[in-house]
Structure formats: C-alpha cells, structure tokens
Amino acid sequence: MNVGGSVRLVVPRRVYFGLILAAGFLFLVATENESLACSSFLLKTDGSVIAGRNLDSSKFTPGVVVINHRGIWKESRSWNELAYGRSVPNAHLSWVSKYGSITFNTFCRDFVDGGMNEAGLFIQEMSLVENKYPEDTAMPRFFMMLWMQYILDSFETVDQVVASAREVVIDGWNWHFFAADAEGNTAAIEFVDGRPVLTYGEAMPITVLCNETYEKEMDLLKTYQGFGGETQVVLKDAGITRDPDAPFVDERFVNAATLIKMSNDSQMLPLDYGMKVLDEMAWEGTQWSYVCDLTNKTVRFRTKDSPEIKELRFSDFTFDAADPTLMLDIHATGDIEPGSFSPYSLEINRASLEKKISGWENVFSSNGATLEGALDRISGYSETTQVAKPQPFLEK
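About the thresholds
- Residues numbered from 1 in each chain as written.
- Predicted model: local features only at pLDDT ≥ 70, side-chain atom pairs only at ≥ 80, totals over all residues.
- Heavy atoms only, no water.
- Pairing = 2+ DSSP bridges.
- Helix = DSSP H or I, 4+ residues; strand = E, 2+ residues; numbered from the N terminus.
- Core = buried A, V, L, I, M, F, W, Y, C linked by side-chain atoms within 4.5 Å.
- Buried < 20%, exposed > 50% of the residue type's maximum accessible area, 1.4 Å probe, protein only.
- Contact = heavy atoms within 4.5 Å.
- Expected span 1.5 Å × (residues − 1).
- Salt bridge = Lys/Arg side-chain N within 4 Å of Asp/Glu carboxyl O.

Draft legend 1. Broad picture of the sheet that holds strand β4 (residues 72-75). Spatial ordering of the open sheet is given by β5-β4-β20, a layout of 3 strands whose pairing is antiparallel. A strand with exactly one partner marks an edge of an open sheet, and here the two such strands are β5 (94-96) and β20 (386-387). With 2 bridges joining them, β4 and β20 adopt antiparallel strand pairing. Considered in β20, the bridge of Trp73 is made with Gln386.

Draft legend 2. Region of interest: the sheet that holds strand β7 (residues 114-117). Ordered in space as β13-β12-β11-β8-β7-β6-β3-β18-β19, the 9 strands form an open sheet in which the pairing is antiparallel. Two strands bound the open sheet, and with one partner strand each, they are β13 (195-200) and β19 (342-343). Where strand β18 (residues 326-329) meets β19, 2 bridges bridge the pair, whose relative direction is antiparallel. The residue of β19 that forms the bridge with Leu326 is Pro343.

Draft legend 3. Representation of the nonpolar core. In this structure, Phe41, Val65, Val208, Leu294, Leu312 and Phe341 are the most contacted members of the largest nonpolar core, which totals 59 residues. If you look at the next biggest cluster of nonpolar residues, it comprises 48 residues, including Ala83, Met148, Trp175 and Leu353.

Draft legend 4. A look at unusual backbone geometry. Not every positive phi belongs to a glycine, and Asp110 is a case in point at roughly 80°. Tracing the backbone shows Asp110 in the loop between β6 (101-105) and β7. Positive phi values are uncommon outside glycine, yet Lys297 reaches one of about 55°. Inspection of the secondary structure puts Lys297 in the loop between β15 (286-293) and β16 (298-303).

Draft legend 5. Up close: the pairing of strand β8 (residues 122-127). Most of β8 sits inside the fold, with 6 of its 6 residues counted as buried. Here β8 shows two buried faces, one formed by Phe122, Gln124 and Met126 and the other by Ile123, Glu125 and Ser127. Sheet analysis places β8 next to strand β11 (residues 175-180), joined by 6 bridges and oriented antiparallel. For Gln124, the partnering residue across the bridge sits in β11 and is Phe178.

Draft legend 6. Region of interest: the environment of Arg166. Relative to the elements of secondary structure, Arg166 occurs in helix α5 (residues 158-167). Look at Arg166 and you get partly exposed, because its relative accessible area is 47%. Separated by 32 residues in the primary sequence, Arg166 and Pro134 place their C-alpha atoms 9.8 Å from one another. Excluding its chain neighbours within four sequence positions, the residues that come into contact with Arg166 are Met139, Leu198 and Tyr200.

Draft legend 7. Geometry of helix α8 (residues 270-281). Taking 1.5 Å of rise per residue, 12 residues should cover 16 Å, and α8 covers 17 Å from first to last C-alpha, within 8% of that figure. When α8 is considered as a whole, its buried residues turn out to be Leu271, Tyr273, Gly274, Met275, Val277, Leu278, Glu280 and Met281. Along its buried surface, α8 packs onto β1 (39-44), β2 (49-56), β14 (208-209), α7 (252-262), β15 and β16.

Draft legend 8. Representation of the pattern of salt bridges within the structure. For the structure on display, the rule yields 21 salt bridges. With a shortest N-O distance of 2.6 Å, Arg53 and Glu125 are connected by a salt bridge. Taken together, the positions of Arg53 in strand β2 and Glu125 in strand β8 put the pair 72 residues apart, joining distant regions of the chain. Each member of the pair, Arg53 together with Glu125, is buried. The shortest N-O distance in the salt bridge between Glu135 and Arg141 comes to 3.1 Å. Judged by relative accessible area, Glu135 falls into the exposed class, the value being 64%. By sharing partners, the salt bridges in this structure join Lys74, Arg109, Asp110 and Asp153 into a single network.

Pasting the structure below:
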C-alpha cells in the first residue's frame, strides 16, 4: 500500500529532533513526547526468535519493569478520560487478561511502552511525526499505552494484533507500532491521514522499524549496497570516519537490516547478537535497550544509567491472578531476581508516574485540567482493575 511520497528527509540530527517536536500536537511541544527516536527489530535464528528495542530520548527516562498477571478484569480508557477527566462518546471495551506479561513502562502499571507476553507476543512503540489516528465514535477508544497492554493481555499472534488495530480507535500522540510473535511474524502498524496502514506478512520482508513509515524506510534501503543500490553500508565497527559536515541520514534501519542479513554467519548466541543489533542502532540518546527471546521466554535489558545487563525468565514468575502484580525501577542496579520486585501499590504507581510527568503542568492546564488530577486518574486506573471471578459452567 502506497501512502504519501517517497521523499527522504535528510537533515542534521539536531534539526531532525526539532522537527519532530514542531510537527506534533500541542502537548508534544509541551514535552509529552520525549521519546523521539526509538527502534525495534526481529531476528530469526535456528533455535530462537529474537526481538529487541531501543528507547531513545533527549533526556533521562524513568520507568518501571512490570510483571502483569493473567485473570485480571480491565476496561478501556481514552487519553481524554485519563489526562483531562473528559468523557468520550465511545463505548468502553472490557476484557480479562489471558496471558501474563513482562512490560517496560515509562508511566506506571498498565501503561506500556513495550514488552512480551507468555505466548511470545512482542509489541513496541516508536515516534512517527506524520502519525494521525482515526476518529470513530462507534468503536472503543484506547489510550495507546493501555491498548498495548490490552494486546499483551489478550493475543498471541501478529494477525490478532493487526485485527485489533482495525477494531478500536487509538489516541494519544505520534506513535507507530512494531509487533512480532513467536512464529517470527511481524507487523508495522501505522496511522497516516487518519487511516490504518498495516504492513505484515510478505509485505514486510525487512523486520525492522524506526521513525519513518515502513514504506519510506524500504525506499531508503533500496539505495544501499546489498539491497539493490550503490550507497555503501557503514557499520559502527567498520573503522570509517564520516564527514562531520555531511547531511545527517538516519541509517539505523539500513544497518539493522544489514546485521540481520549477516546473522547466519555469526557464532554469537542469539540474545548476544540481538544486543549487537541494538548497539548498532544506538546513539548518545539511547536510554533503554532490551531483547526478548520469544521462543524461550527470556528478557535481557539495560539502561544508560544502569548499563549492566539484567536477565529475567518467565519461568521464574507465576503470573497467577491471586499473586500481586510486581514492579521494579528499570534503573535498578545489581543482580535482579523475582525478590527484587515490589508488590504493586497505589503509592508506588503514583510515584512512578510522577517521575515521568512532573514537568507537564502546561499540558494539563491548557486542556482545563491539573497535573494532580491527571496523576490521580492515570495512576489510579490500576485500582479499577480486579481479579476476574470464575464464570459458572452452564449446561446447554
């Protein structure tokens, strides 16, 4: 599907980020969208399916790792409801989580930036300047972070994620999404001119997504050696010094595609090679990096402030509804194990959210709300969730 033109924006990095800020909604300018240049990929090996993600930002990014449980009843909420206390005409969608998950959240519990569930489904967000969500009052409306939690709670395949993107209205700010599953399927989920642009299956031969539409990234890739073009691919370990005065071209997609193409010749373990791909796409603003083994249900992560690699295994957690949801500061140091996590509480949840949005007073006041009210509504959402009651067996 063709969307828009194929003109490639080629500007210095410092200008690139200014353009992202200038092009978004009012609240983007007011710092709601501080994660400006993220990236995700999927790599298939003989024994594992590996997915990874860098979260990039111009500033320190707080966050929590959350162990989310199956068997929890939840209900959809929009950004207008959560942030500004405004009602919306859309009906609410309720669900009971089918799968447990490990998620990485800049806000607090239930508001996801990325993660993986027990079925090996993986979903991530990245900024996309031209993203514009559809408007439809006939469908349930989800704040984008909560929609990502709904995806991980409910589904196991990319096809199901793609279907959901057609069945709900997402709101928030300029994000597009990368989804992958344990079978090695991927999807780029984008919204351009108010309509979904869903790229998956054979239409997505390169399993990478950064901060352009997938179509534009593929147009750029075709100009490089090994992919049909003449431009030389320059990896970080090539020992080539670039001209500092040359126009900046974002080559993260190109370089990740190159490493994925070279992966069969590597002797590195799959998770180690996944970190190598993230290192290739990283820059000085990379705040978080994590890789997920979708086959063996293992997660490795590190942050700029806590660079030692930590590992979590799904088999070390129960994910039972009767047990408390668990939370961990993503910048925690030392050896991480299940006992390192704290049980969820409203106080911990609110403190986590406050670290992220404490400077957003203008975002809320310009929409007739207050920071304190937003903190209460967003962090308090998790108080509305509950362990689902078993349904009685009914004979036909």
